[in-house]
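Chain by chain, the residues run as shown.
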Amino acid sequence: ARLAKKEANQRSLCNLEIKPWGAEQDLLELYARIKAEVKQDGLKWSEVCNLVEVAFGVKKIVCTAVIAMNLSMDAIIEEMTEESFADDIQSMSMTSMSLL
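Scope of this entry: the structure provided in the associated data block. Treat the numbers as computed from the prediction; the structure is a model and nothing was measured.

All of the buried residues in helix α2 (residues 27-37) are Leu27, Leu30, Tyr31 and Ile34. Each buried residue of α2 sits inside an arc of 100° when the element is viewed along its axis, so together they form one side. Across α2 from its buried face, at more than 90 degrees, point the exposed residues Leu28 and Glu37. As for α2, its buried residues are in contact with β1 (11-20), β2 (43-45), β3 (50-55), β4 (58-68), α3 (73-84) and β5 (89-99). In this structure Asp26 caps α2, since a side-chain oxygen of it lies 3.2 Å from the backbone nitrogen of Leu28.

Proximity of charged atoms lets side chains of opposite charge pair with each other. Evaluated as defined, the whole model comprises 5 salt bridges. Residue Arg33 pairs with Glu37 through a salt bridge whose shortest N-O separation is 3.8 Å. Of this pair, Arg33 and Glu37 both sit in helix α2, 4 residues apart, roughly one helical turn. When its relative accessible area of 26% is taken as the criterion, Arg33 is described as partly exposed. Three or more residues joined by partner-sharing salt bridges are found here, namely Glu29, Arg33, Glu37 and Asp88.

With that settled, consider the environment of Asp74. Position of Asp74 relative to the elements: it lies in helix α3. Among the residues examined, Asp74 registers a relative accessible area of 52% and is labelled exposed. Distance from Asp74 to Ser96, taken between C-alpha atoms, is 12 Å for residues 22 residues apart in sequence.

Moving on: α3. Regarding α3, the residues found buried are Met73, Ile76, Ile77 and Met80. Buried residues along α3 cover an arc of 100° about the axis, so they all sit on one side. Counted as exposed and oriented over 90 degrees from the buried face of α3: Asp74, Glu82 and Glu83. Looking at the buried residues of α3, the elements they touch are β1, α2, β2, β4 and β5.

Parameters at a glance
In this convention, every chain numbers its residues from 1, walking through the sequence in written order. Residues qualify for local features only when their pLDDT is at least 70, as the model is predicted, and side-chain atom pairs are given and counted only at 80 or more; totals for whole chains, interfaces and linings, by contrast, use all residues. The basis for every side-chain value is the complete set of non-hydrogen atoms in the structure, without hydrogens or water. When a residue's accessible area, from a 1.4 Å probe over protein chains only, is under 20% of the maximum for its type it is buried; when over 50% it is exposed; and in between it is partly exposed. Where helices and strands are cited, they refer to DSSP runs of H or I of at least four residues and of E of at least two residues respectively, numbered from the N terminus. The arc in question is the one spanned by the directions pointing from the helix axis to the C-beta atoms. A contact between two residues is defined here by any heavy atoms of the two lying within 4.5 Å. A 3.5 Å cut-off defines polar contacts: any pair of N or O atoms within that distance qualifies, except that in protein one atom must be a possible hydrogen donor and the other a possible acceptor, and neighbouring residues in sequence count only when both atoms are side-chain atoms. What makes a salt bridge here is a side-chain nitrogen of Lys or Arg within 4 Å of a carboxyl oxygen of Asp or Glu, nothing more.

Below, the structure is given as structure tokens:
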């Protein structure tokens, strides 16, 4: 029973990269919208994000999120890139994932 409870509380730390469509997008505003709009039980976005130069003035958002074991970060990414933020996000990928 103790092991089952421990497994239920397991979480993963996901490192993410979010690439916008263009250099003129306000990425801090976009990240604030993502944190405000993409909510699920067991999903926690990092408070801050880093902006990293990609090329030609285009930057990407580098952030982390902690998810419960019952959530799929791939499903969250797919929903964000294909539906809720399709006009804002060109691509989004998980660069690494580790158990907490």
